[in-house]
Amino acid sequence: TMKHLFPCTLLFAAMWLMEACSPGTAGTTRPCIPETYTISKDSLLDKIKGGWAGQAIGCTYGGPTEFKYCGTMIQDYVPIEWYDGYIKWWYDNMPGLYDDVYMDLTFVNVFDRLGLDAPADSFAMAFATAEYPLWHANQAARYNILQGIMPPASGHWMNNPHACDLDYQIEADYAGLMSPGMPNAASGIADKIGHIMTYGDGWYGGVYVGAMYSLAFLSDDIGFIVKEALKTIPQESQFYQCMSDVIRWHQQYPDDWKQTWFECEKKWSTDIGCPEGVFVPYNIDATINSAYILIGLLYGEGDFYKTMDISTRCGQDSDCNPASVAGILGTILGYNRIPDQWKRSLKEVEDRNFAYTDISLNKAYQLSFGQALQMIEKNGGTVEGDLVTIQCQQPVAVRYEKAFEGMYPTGKRGINKKITDIQELEFNGNGVVIRGNVNASDEEYVAEVELYIDGQLAETAQLPASFAKRRYELFWKYRLAEGKHTIAFKWLNPQQGVSIEINEMLVYSARK
């Protein structure tokens, strides 16, 4: 049907439908990805603006609920407020809320400075040396990079216990916005940048979000967008299987998003990677949070508020997930079609720089627009006068990766001792993660600690006291021989007034 495409003119639409789309039943024409897509510059900019605006609005809407509802949905009777001036309040009082936006802008800025072929190391160093605080996969990657472990090793699960967390998923919006109609180009960007901090299912979260943004330029059929974008994900992956389940459950329970949410919880809420999320309701894994993005998109039925609200009420990372759904839907609608009740607050801040950046929303709109034009020409499209013709891409699956293979968490033990009070720790399995922290008044202090496993030196770790440079977990070792093991520590440079606390030990086994 004609409503599924957004051409500049009906003539363009008719040409695409005749050339690129195969007939459906009863004389209808099914949605498809055309060979080429022509759009005016104004319309292209409007969609890019809609993507950035939607991301900021969705992040704000879900902000107060972030990780307050873990393993439970936010029931309908729980109010989620919104009022004129609301976004300005967050800018003024809690600008760190927008970490998934200013993280995107780090990468947008590198493209602006160094061009589309900027190397992965440039993005890695910009990210690692930025002033903003980081957590989970991002902080683990920052530590790795500052220690000389560069991408893709910085995001690999053997070096990063948070490799399957959602960090790149919440930062991938820019890749789709600069790759309109070209999901494989967005995947290429994700390969370069997403592997800075993630691997496997964690990486796939960003690949999928980027592909959905990319295809949002071509169609307003949400079912079509989510299914086509999923073709960028290898079918054998857990991530693909979870998203396929959500799509199937939506068909089975078309009027009950809560039933689909419940089916997700039963089958897909297990996290084996993130040491904070194992054995507890807290889940920052990309797979389950991508499922919440998908639930919002499918059950929201194109309504901006409903889409954002459902994704928020799924819980867990309930500011980043509505940011993604509102950004994708904002790209479909375009800035001008986002309801005014949401844009009124946005317009108050569009000229204000995000925290830790010199980039405002108005500047982000223009940067992404310019980068999109460059990407279109780089990938065989043309820019002539006011018209832009995109050489569209049929989605192709990225390579298969699986993190934490053969690693099954079997126990988490509280230690709660200073490292100087520990003679030896014992565990039975094939892997271990030691969580804790370095306490020092001098932020420049870096503890040097030797880790011994079964009496053999396993590593000499550098453990900064600085919050910005900290090692997110003190120690970890995967893929040990299955069996009984001992751990011992030797602190090489103790100082008065400094302590190293060992909080807990997470144990893995090769057997479920």
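The coordinates are above.
I will try to describe carefully the structure that is included in this document.

Reading the values: rules and limits
Residues numbered from 1 in each chain as written. Predicted model: local features only at pLDDT ≥ 70, side-chain atom pairs only at ≥ 80, totals over all residues. Heavy atoms only, no water. Pairing = 2+ DSSP bridges. Helix = DSSP H or I, 4+ residues; strand = E, 2+ residues; numbered from the N terminus. Axes fitted to C-alpha atoms, helices over the stretch in contact; angles between N-to-C directions. Salt bridge = Lys/Arg side-chain N within 4 Å of Asp/Glu carboxyl O. Buried < 20%, exposed > 50% of the residue type's maximum accessible area, 1.4 Å probe, protein only. Core = buried A, V, L, I, M, F, W, Y, C linked by side-chain atoms within 4.5 Å. Contact = heavy atoms within 4.5 Å. Phe/Tyr/Trp six-rings, centres within 6.5 Å; stacked < 30°, edge-to-face > 60°. Lys NZ or Arg CZ within 6 Å of the ring centre and 35° of its normal. Polar contact = N/O pair within 3.5 Å; in protein donor to acceptor, adjacent residues only side chain to side chain.

### Quick notes on the sheet that holds strand β4 (residues 408–418)
Judged by pairing direction, the sheet is antiparallel, and its 4 strands sit side by side in the order β4-β11-β6-β9 without closing on themselves. Of all the strands in the sheet, the pair left with one neighbour each is β4 and β9 (475–477). Each neighbouring strand pair of the sheet contributes to a mean axis angle of 15 degrees, computed without reference to strand direction. By the bridge criterion, 9 bridges tie strand β6 (residues 431–439) to strand β11 (residues 499–509) in an arrangement that is antiparallel. Residue G436 lies in a different strand from β11, and its bridge partner there is I502.

### Focus on the pattern of salt bridges
Tallying each qualifying case throughout the model produces 19 salt bridges. Ionic pairing is found between D76 and K258, a salt bridge with its closest N-O pair at 3.0 Å. Taken together, the residues D76 in the loop between α2 (41–62) and α3 (86–93) and K258 in helix α12 (residues 257–268) connect sequence positions 182 residues apart. Here K258 falls in the partly exposed class, since its relative accessible area comes to 23%. Between R248 and D245 there is a salt bridge, with the nearest N and O atoms lying 2.8 Å from each other. Note that R248 and D245 are positioned in helix α11 (residues 238–252) at a spacing of 3 residues, about one turn of the helix. Among the charged side chains, a salt-bridge network with shared partners connects E276, K412, R435 and E504.

### A word on the nonpolar core
By size, the foremost hydrophobic cluster in this structure holds 124 residues, and its most contacted members are W52, F127, Y174, Y208, M212 and I295. If near-sequence neighbours (up to four positions away) are discounted, Y208 is found in contact with V226, A229, L230, I233, F239, M243 and L294. By size, the runner-up hydrophobic cluster in this structure holds 26 residues, among which are V449, L451, A465 and F489.

### Comments concerning the packing of aromatic side chains
Counted according to the given criterion, the structure contains 30 aromatic pairs. Judged by centre distance (5.3 Å) and plane angle (35 degrees), the ring pair of F475 and F489 falls under tilted. Highlighted residues: F475 in strand β9 and F489 in strand β10 (residues 483–491), separated in sequence by 14 residues. The residues F475 and F489 share a single accessibility class, namely buried. Grouped by ring-pair contacts, the aromatic residues Y61, W82, Y83, Y86, W89, W90, F304, Y305 and W342 constitute a single cluster. Positioned above the aromatic ring of Y335 is the side chain of K49, whose terminal nitrogen or guanidinium carbon lies 4.3 Å from the ring centre. For the cation-ring pair, R470 lies above F467, with the distance from its terminal atom to the ring centre recorded as 3.8 Å.

### Observations concerning the environment of A141
Its place among the elements puts A141 in helix α6 (residues 136–146). Given a relative accessible area of 0%, A141 falls into the buried group. Along the chain, A141 and H156 lie 15 residues apart, while their C-alpha atoms are 9.1 Å from each other. Ignoring any residue separated from it by four or fewer positions in sequence, one finds A141 in contact with F127, S154, N160, I196 and M197.

### Notes on the environment of T260
Structurally, the position occupied by T260 is in helix α12. In contact with T260, other than residues within four places in its own chain, are V246, W249, H250, Y253, I295 and Y299. A polar atom in the side chain of T260 sits 2.6 Å from the side chain of Y299.

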